[in-house]
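# Geometric and topological summary
Below are the chains, spelled out letter by letter.
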Amino acid sequence: MNKHLLALVAAASLAGLAPAQAATFTGVVGSTSAGVADFSTDGLISFDIDFSSLTSATLGYTIDAADVLSGLSFNAVLRNYTGGGIDRYTFGLSSGSFGNLGTVTRQFGYSSNIAFNGADAIVTFSPLEFLDVEIGDPLGNGGVNWTIAGLNVGDSLNITVTSAVPEPETLAMLLSGLGMVGWITRRRRQG
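Residues numbered from 1 in each chain as written. Predicted model: local features only at pLDDT ≥ 70, side-chain atom pairs only at ≥ 80, totals over all residues. Heavy atoms only, no water.

## Thoughts on the environment of Thr82
Convention followed: To qualify as a helix, a DSSP run of H or I must reach at least 4 residues; to qualify as a strand, a run of E must reach at least 2; elements of each kind are numbered from the N terminus. Using a 1.4 Å probe on the protein chains alone, a residue whose accessible area is under 20% of its type maximum counts as buried, one over 50% counts as exposed, and one in between counts as partly exposed. The contact rule is simple, with two residues in contact once any of their heavy atoms fall within 4.5 Å.
Locating Thr82 in the fold gives a position in the loop between β5 (72-80) and β6 (86-93). Exposure remark for Thr82: the relative accessible area of 24% places this residue in the partly exposed category. Ignoring any residue separated from it by four or fewer positions in sequence, one finds Thr82 in contact with Phe51, Ser52, Ser53 and Leu54.

The following block contains the structure:
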């Protein structure tokens, strides 16, 4: 009996010495047509997203102790399977903020511009991007990871990545279509 108790105490004390877990990937929030694979480790949120259409994907994480000790880095591979060019990717954090933005690497070395304000970052492309984009250094090619600051142990973090923002022409068509539906509905009520 004492041997079992001693073994239980030893196992419990060893479990306390085990390294803390990395940011725990809790899954994709809501539905998405993008394929997502998580590769996070201690102090690093890392994922791949395969966009098969112009959409957004929201990934959920729980922040663990190892993530706040030396700072939290972020990188990703974004693959464009839409069949068309993408003019921007938008990143949004539900909590915390971007500390530093690292590199953005495009397949053929064209230019990109990064704008960020706290919890939001927008990467725009000139010309359009038709293939893969590396955010930070997910493939170990010498890029610089982005950082996320202002998080505590136990915090929930959702990262939303949007593969395109509707063009002004698309919004104008949507608004004119809604206006037409409203006009027809009003006319039917009067008649």
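## Side note on the sheet that holds β6
As a reminder, the rule being used: One requirement defines pairing of two strands: DSSP has to find at least two bridges between them. A fitted line through C-alpha atoms serves as each axis, taken over the contacting stretch for helices, and the angle formed by two N-to-C directions is quoted from 0 to 180°.
In spatial order, the strands read β1-β4-β13-β6-β10-β9; together these six strands make up an open sheet with antiparallel pairing. Each edge of the open sheet carries a strand with a single partner, namely β1 (24-29) and β9 (111-117). Shown here is a sheet whose adjacent strand axes are inclined to one another by a mean of 15°, direction ignored. In this structure, strand β4 (residues 56-62) lies alongside strand β13 (residues 156-162), joined through seven bridges in antiparallel fashion. By the bridge assignment for β13, Ser56 is matched with Thr162.

## Overview of the nonpolar core
Keep this limit in mind: Nonpolar cores were defined as sets of buried Ala, Val, Leu, Ile, Met, Phe, Trp, Tyr and Cys residues, with membership established by side-chain atoms within 4.5 Å.
In this structure, Phe47, Phe74, Phe91, Trp146 and Ile159 are the most contacted members of the largest nonpolar core, which totals 32 residues. Looking at this core, the elements with two or more residues in it are β3 (44-51), β4, β5, β6, β10 (120-129), β11 (132-135), β12 (146-149) and β13. Contact partners of Phe47, with chain neighbours within four places excluded, come to Ala37, Asp38, Phe39, Leu59, Tyr61, Phe74, Asn75, Ala76, Val77, Ile159 and Val161.

## Digging into the side chain of Asn80
Among the structural elements, Asn80 can be located in strand β5. Taking the relative accessible area as the measure of exposure, Asn80 reaches 6% and is therefore buried. Apart from the residues lying within four places of it in its own chain, the contact partners of Asn80 are Phe51, Gly85, Ile86, Tyr89, Glu129, Phe130, Leu131 and Asp132.

## Examining a nonpolar patch on the surface
This is how the line gets drawn: Residues forming no salt bridge and having over 30% relative accessible area are the ones grouped into patches, like charges within 9 Å of each other and nonpolar side chains (Val, Leu, Ile, Met, Phe, Trp, Tyr) within 5 Å. Accessible surface is estimated by sampling points in the Shrake-Rupley manner with a 1.4 Å probe; for residues, cover comes only from the protein chains shown. When a carboxyl oxygen of Asp or Glu lies within 4 Å of a side-chain nitrogen of Lys or Arg, that pair is called a salt bridge.
Taken together, the side chains of Phe108, Tyr110, Leu128, Phe130 and Leu131 make up a nonpolar region of the molecular surface, amounting to roughly 540 Å² of accessible area. By secondary structure assignment, the location of Leu131 is in the loop between β10 and β11.

## Considering the packing of aromatic side chains
The way to describe two aromatic rings as a pair is by their centre distance and the angle between their planes. Put simply, the rule is: Pairing of aromatic rings covers Phe, Tyr and the six-membered ring of Trp, with a centre-to-centre limit of 6.5 Å; geometry is then stacked below 30 degrees between planes, edge-to-face above 60, and tilted otherwise.
Applying the stated criterion across every chain yields a total of nine aromatic pairs. Each ring, one from Phe25 and one from Tyr61, has its centre 5.3 Å from the other, and the planes form 50°; the classification is tilted. On the criterion of sequence distance, the pair formed by Phe25 in strand β1 and Tyr61 in strand β4 is long-range, its members being 36 residues apart. We classify Tyr61 as buried; its relative accessible area is 1%. Measuring from centroid to centroid gives 5.8 Å for Tyr89 and Phe125, while their planes differ by 80°, and the two rings are edge-to-face.

## Thoughts on the pairing of β5
Burial analysis of β5 places eight of its nine residues in the buried class, the great majority of the element. Bridge count between β3 and β5: eight bridges; the pairing is parallel. Bridge assignment links Ile45 to a residue of β5, and that residue is Phe74. In this sheet, β12 lies alongside β5 in antiparallel orientation, the contact comprising three bridges. Residue pairing in the sheet places Ser73 in a bridge with Thr147 of β12. Direction of pairing for β5 relative to β11: antiparallel, over a ladder of four bridges.

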